[in-house]
Structures are given as structure tokens and as C-alpha cells.
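These are the residues of each chain, in order.
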Amino acid sequence: CVCFQLYGYCYQDSNDIPDTLTTITELGSPLEMIQLLQTSWEDRFRICLSLVRLLHYLAHSPLGSVTLLDFRPRQFVIVDGELKVTDLDDASIEESSCTSNSDCFMEFPARNFTLPCSVEGRCQSMNEKRNLYNAYRFFFTYLLPHSAPSSLRPLLDKIVNATGNQNKHVICTEYLALELSPSPSVSSEFTQKCVKSANTHKSDSFYRRVPEAFIPDENYRCWPSYHHKGCLLSVFDVNEAFEICDSYSQCKAFVLTNQTTWTGRQLVFFKMASNHIVPDPDKITYVKVTD
């Protein structure tokens with residue numbers, strides 16, 4: 001569901017407050033862009049995917065193409081990591097009427113667009129393209145490129161630029177069409193491509209593998225981290241963990257957990273020492289033996 005789920009409502013007409021309608025909806029968190037930029041790229045990527053689903057639904061709703069006239073972050077909330085729209089007061093299904101292309105002028109702070117006027121006297125795809133550009137200027141341009149995996153940056157730049165240029169064909173072929181399957185599988189080719197960072201494969205000889213072991217202390221902070229008091233990151237495989245540990249001067253060991261993110265990437269604790277190792281059947285520790 002791309003919109004806030006309605007659990008119930010109550011209509012009350014009293015002398016004090018006439019025509020009162022109370023709604024009961026699911027609980028969501030307000031969307032704070034600064035806070036989102038401090039989360040992992042994977043979480044922001046998930047929000048962008050849910051926004052893509054919303055754009056597709058608005059363009060092909062049972063009522064026709066719907067535009068959100070007030071398409072800003074304050075109109076959305078986060079529910080279980082997904083973006084949902086909460087305020088539909090400013091939604092419209094009316095496509096602007098026109099007699100020529102000049103009547104189909106869309107003006108935004110950074111740039112303007114002129115759309116073709118159809119033979120029926122309606123501006124072609126104006127609702128859809130208004131939503132698309134607002135998604136670009138309020139969401140995609142901030143959430144997608146920032147701290148993205150290096151292997152994905154060319155593709156993400158292409159998507160962001162295509163969104164800003166209203167090139168719907170590029171967006172559909174590179175992004176939308178890949179997400180419109182019933183649900184993305186963590187084993188799918190698309191997900192694997194989008195969660196695997198470019199990394200060089202390093203030899204296991206630089207690390208000593210200690211099965212069923214954990215380092216409870218020796219934490220250091222890194223960004224972005226899934227743990228506010230330590231360095232907990234997601235990796236595609238152990239080779240990426242080698243690369244990350246080698247990139248931090250304070251990293252002397254890391255611990256593979258049995259936990260994964262929503263895309264299937266494995267969560268790994270990176271440690272600044274390995275002086276105290278304790279048994280743990282659900283984890284594997286790698287200790288750096290040479291620099």
C-alpha cells in the first residue's frame with residue numbers, strides 16, 4: 001500500500017463541533033530529510049523504491065492519473081521503512097486543458113517544461129510529470145546519490161538526471177520496470193546488482209578466521225552505522241568486509257553476524273582490537289594478522 005492505511009473512522013455531529021469526522025490510521029514517523037541523510041544508503045534506497053511505486057500508482061490509479069499539488073516531504077511518513085503519503089487533500093485528477101503547447105507550461109524554481117497539447121485539448125501527462133519532477137527535486141536528488149556504493153553511482157546519476165529531465169523512458173527501463181514485479185527478491189539479479197559494492201578480492205591469509213566467536217567490546221564509531229555506539233555495516237560478502245576493514249586504520253578485526261538487511265546484505269561489526277574473544281555459535285570473527 002502506498003497510502004496511509006485507514007483502520008476506521010467515526011462521524012459525530014454535536015452542538016459544539018458540528019460535522020466532525022475522526023479517523024484512525026496506522027502510526028508513521030514524520031519524514032525528516034536531515035535525519036534520513038544520516039541513515040544508511042540501503043535504507044534511503046528502500047524509501048526511493050517505495051516512492052517509485054507511489055509514482056506508478058498515481059500515474060495509473062483507478063481514477064486516472066493523479067497529481068499531488070503539494071508534493072513535499074511534510075506530506076509523507078515512514079512506516080516500517082517504506083514511504084507513504086498521508087495527505088490527499090491536494091490530490092487532483094484533472095489534466096489541464098489547452099489549445100496549444102504554450103498552454104502546457106510547467107514552472108518550477110530551477111527549470112521549466114512545456115508539454116504537448118493533445119488533440120483532445122489536454123496537456124499530455126502533466127499530472128504524471130509534475131509528480132515526477134517534484135519527486136526528483138525533493139527526494140531523488142538528495143537520497144539516491146549521497147554515499148551510494150561506488151559501483152552504482154553511474155547508474156544512479158543516470159536515473160537522477162533522467163528524472164530531472166523528465167525522461168520517463170530512461171527511468172522506466174533502468175528503474176521502474178525492475179521494481180514493478182510483485183516484490184523484489186533478495187536473490188534477484190537487480191537486487192544483487194544494487195546491493196553489491198565494487199570491491200577488490202583480498203586473500204584470507206591477511207586475516208585469521210575464528211568460527212563461533214564474538215568480540216563483545218573494542219568498538220569504534222563509523223558512519224553510516226546501524227549501531228550508534230559502534231561500527232555496524234552491511235556487506236555483500238566477506239571480501240567486502242576485508243576491504244572495509246582495510247579502509248579504516250583503527251579496524252583490527254570484524255565479526256560476521258547472522259543478521260541481514262532487507263536486501264539480504266550481511267551485518268558486520270568492525271572492531272579496533274581482538275583482545276577479548278568469547279564463544280558465540282551464531283557469529284564468525286576475522287582477526288587481522290598483518291597490515
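Residues numbered from 1 in each chain as written. Predicted model: local features only at pLDDT ≥ 70, side-chain atom pairs only at ≥ 80, totals over all residues. Heavy atoms only, no water.

### A look at the overall build of the protein
Inference 1: The secondary structure content of the protein amounts to 7 helices and 14 strands.
Inference 2: Taken across its 291 residues, the protein has 45% of its residues classed as buried.
Inference 3: Put simply, 64% of the contacts in the protein that link residues at least 6 apart link residues at least 24 apart.
Inference 4: Summed over all atoms, the accessible surface of the protein reaches about 15800 Å², with 51% contributed by carbon and sulfur. (Helix = DSSP H or I, 4+ residues; strand = E, 2+ residues; numbered from the N terminus. Buried < 20%, exposed > 50% of the residue type's maximum accessible area, 1.4 Å probe, protein only. Contact = heavy atoms within 4.5 Å. Areas by Shrake-Rupley, 256 points an atom, 1.4 Å probe, with all protein chains shown as cover.)

### Some words on the nonpolar core
Soluble globular proteins tend to pack their nonpolar side chains together in the buried interior.
Inference 1: One finds F76 and F139 to be the most contacted residues of the largest nonpolar core, which totals 33 residues.
Inference 2: Secondary-structure elements contributing two or more residues to this core are α1 (33-37), α2 (41-59), β5 (76-79), β6 (82-85), α3 (126-143) and α4 (153-164).
Inference 3: Sort the elements by how many residues they give to this core and α2 lands first, with 10 residues.
Inference 4: If we skip the residues at most four places from it in the chain, F139 touches L31, M33, L51, F71, P73, F76, L83, N134 and L144.
Inference 5: Formed by 16 residues, the second largest nonpolar core is a distinct cluster that contains A241, C251, V268 and Y286. (Core = buried A, V, L, I, M, F, W, Y, C linked by side-chain atoms within 4.5 Å.)

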